[in-house]
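Structural features, examined
Each chain, written out:
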Amino acid sequence: MMACLQRSAAAWVVAVALCGCARQNSDSELLAPSAKDFAAVSSVLERRCGGLDCHGSPARNLRIYGIYGLRLDGRDVTGGADTTDAEVTATYVSVLSVDPETLSRVTANQGAGEERWLVLSKGRNREAHVGGARLSVGTPGDDCLISWLAGKVDVSACADDTLSPVPREGEVW
Amino acid sequence: MNWLAWLSLSLAAFAGCSDPVHDQRVAALGPEVDGVVPGPLHRPGQPCGACHGDEGPADPIFSLSGTVYRASDGEQPLFGVTVRAIDSSGAQYATTTNCAGNFYVTPDQFTPSWPIWLKVEYGATSAEMRSVASREGSCAACHDGDPSPHSAGRVFLDTTEVPDRGGCE
């Protein structure tokens, strides 16, 4: 199962990479943001979207693999070992498969019009999303994704993204 | 329109109300264990919200619920564990497990703004969930049985203190 997934992921990445070298607007060629530094982007997606009860589930069209949710290798368990490189690649492939035509246009425009891409419009809850808003404009996590779409991952923004509880004044957690 | 047509339409309308996925999820939980009546002590380790959710069939509805064990094997429930939750608005709620290790929270007690963070405490021992719960109020929906590529394993607290059985035998 895992080997099959990895082969499929590798084939997809190669196909996307080849598409990225080609001219856009052909019927079959789409552009995609680079896989370089996607690990930093993946860490944001894993934390905010990749739990077992959301996109870290095989029931979702957008699958996010990693420590907090679905594991790619049948020997890994949720909450166990850190997210692997193969899982980052599998998440990259899954993300590219969502609304690829819009993603291609955004990529061609160096990130402009990013709000139209389904992953961001749903993540920001601008479009109906069962999980509500998981990214907000101007936050490090959102900036991280935008930078990836623009062609240069802002690794520090990705690293600055945190998700932790904020107790009310006078209370502790 | 004759009475037969009305009957057919009525049956079709009722049939349309059924969600086969939900029905299958409920059916997959199986029957009650002999000697345990439906109530706060029944079905430990199962996803409570499958039945105690908006789609029923059980009452009351739970906003949060689950089972805490003494160890990862799920052999022994842990009575008296404090389960704490804090939601994205900073609102907090705490409850305690019963002698089956079960806990449940109804919407009138706490309706969280998702996502939420959770921790369990027993005496001097505590553990906090490493990730958020984004929308699922039943622990066992994600903490189902042994750890696997799609389960975080049972909720347990490895305490050296001798747990009280709380009246359950």
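Calculation criteria
Residues numbered from 1 in each chain as written. Chains lettered and ligands numbered in written order. Predicted model: local features only at pLDDT ≥ 70, side-chain atom pairs only at ≥ 80, totals over all residues. Heavy atoms only, no water. Helix = DSSP H or I, 4+ residues; strand = E, 2+ residues; numbered from the N terminus. Buried < 20%, exposed > 50% of the residue type's maximum accessible area, 1.4 Å probe, protein only. pLDDT = per-residue confidence, 0-100. Contact = heavy atoms within 4.5 Å. Core = buried A, V, L, I, M, F, W, Y, C linked by side-chain atoms within 4.5 Å. Axes fitted to C-alpha atoms, helices over the stretch in contact; angles between N-to-C directions. Left-handed = near helix turned anticlockwise from the far one by under 90°. Nonpolar A, V, L, I, M, F, W, Y, C, P; charged D, E, K, R; others polar. Buried area = accessible area lost by both parts, 1.4 Å probe. Polar contact = N/O pair within 3.5 Å; in protein donor to acceptor, adjacent residues only side chain to side chain. Pairing = 2+ DSSP bridges.

1. Points about unusual backbone geometry
- The linkage connecting B:G56 with the following residue, B:P57, adopts the cis geometry, with an omega of 15 degrees.
- You can see B:P57 is positioned in the loop between α2 (20-27) and β1 (64-67).
- Residue B:P115 is bonded to the preceding B:W114 through a cis peptide linkage, with omega at 0 degrees.
- Summarising the element assignment, B:P115 is placed in the loop between β4 (102-105) and β5 (116-122).
- Phi is positive for A:Q110, which is not a glycine, with a value near 50 degrees.
- Its place among the elements puts A:Q110 in the loop between α4 (100-108) and α5 (118-123).
- Exposure remark for A:Q110: the relative accessible area of 57% places this residue in the exposed category.

2. Quick notes on the confidence of the model for chain A
Residues and elements named next belong to chain A.
- Overall, the prediction assigns chain A a mean pLDDT of 89, with 84% of residues at 70 or greater.
- Throughout residues 1-5 the model reports pLDDT below 50, and contacts reaching past four residues in sequence, or to other chains, amount to 5 contacts.
- The low-confidence segment residues 16-23 (pLDDT under 50) makes 12 contacts with residues lying over four places distant or belonging to another chain.

3. Some thoughts on the nonpolar core
- Membership of the largest hydrophobic core comes to 26 residues, with the highest contact counts inside it found for A:F38, A:V41, A:L45, A:W117, A:L145 and A:W148.
- By residue number, the principal contributor to this core is helix α2 (residues 38-49) of chain A, which donates 6 residues.
- Leaving out residues up to four positions away in the same chain, A:L45 has contacts with A:F38, A:G50, A:I64, A:V95 and A:L145.
- Core analysis: the next-biggest nonpolar cluster, separate from the first, contains 18 residues, B:V68, B:L78, B:V120 and B:L157 among them.

4. As for the packing of α2(A) against helix α6 (residues 140-150) of chain A
Residue and element names in this part refer to chain A.
- Running from amino to carboxyl end, α2 crosses α6 at an angle of 145 degrees, the nearest separation of the two axes being 10 Å. Once α2 is placed against α6, the crossing between them reads as left-handed. Here F38, A40, V41, V44 and L45 of α2 come into contact with α6, specifically with G141, C144, L145 and W148.
- The class makeup of the residues in the contact of α2 with α6 is 8 nonpolar, 1 polar and no charged.

5. Focus: the interface of chain B and chain A
- Chain B puts 27 residues into the contact, and the matching count from chain A is 29 residues.
- For the pairing of chain B and chain A, the buried interface totals around 2,200 Å² over both sides, and the portion due to carbon and sulfur atoms is 58%.
- Interface area lost by chain B to chain A is led by B:R130, B:R135 and B:P149, which between them contribute 28%.
- The interface formed by chain B and chain A includes 11 residue pairs in polar contact (both at pLDDT 80 or more).
- Contributing elements (two or more residues each) for the side of chain B that touches chain A: β2 (82-87) and β5 of chain B.
- When grouped by side-chain class, the residues that make up the side of chain B that touches chain A number 13 nonpolar, 8 polar and 6 charged.

6. Describing the sheet that holds strand β6 (residues 125-128) of chain B
All names here are of chain B.
- A sheet is described by the order of its strands in space; here 4 strands give the open sequence β3-β2-β5-β6, paired in antiparallel fashion. Among the strands making up the open sheet, the edge pair consists of β3 (92-96) and β6. Going from strand to strand, the sheet's axes swing by 20 degrees on average, the running direction of each strand aside.
- Alignment of β5 against β6, held across 4 bridges, turns out to be antiparallel. When the sheet's bridge partners are listed, K119 is paired in β6 with E128.

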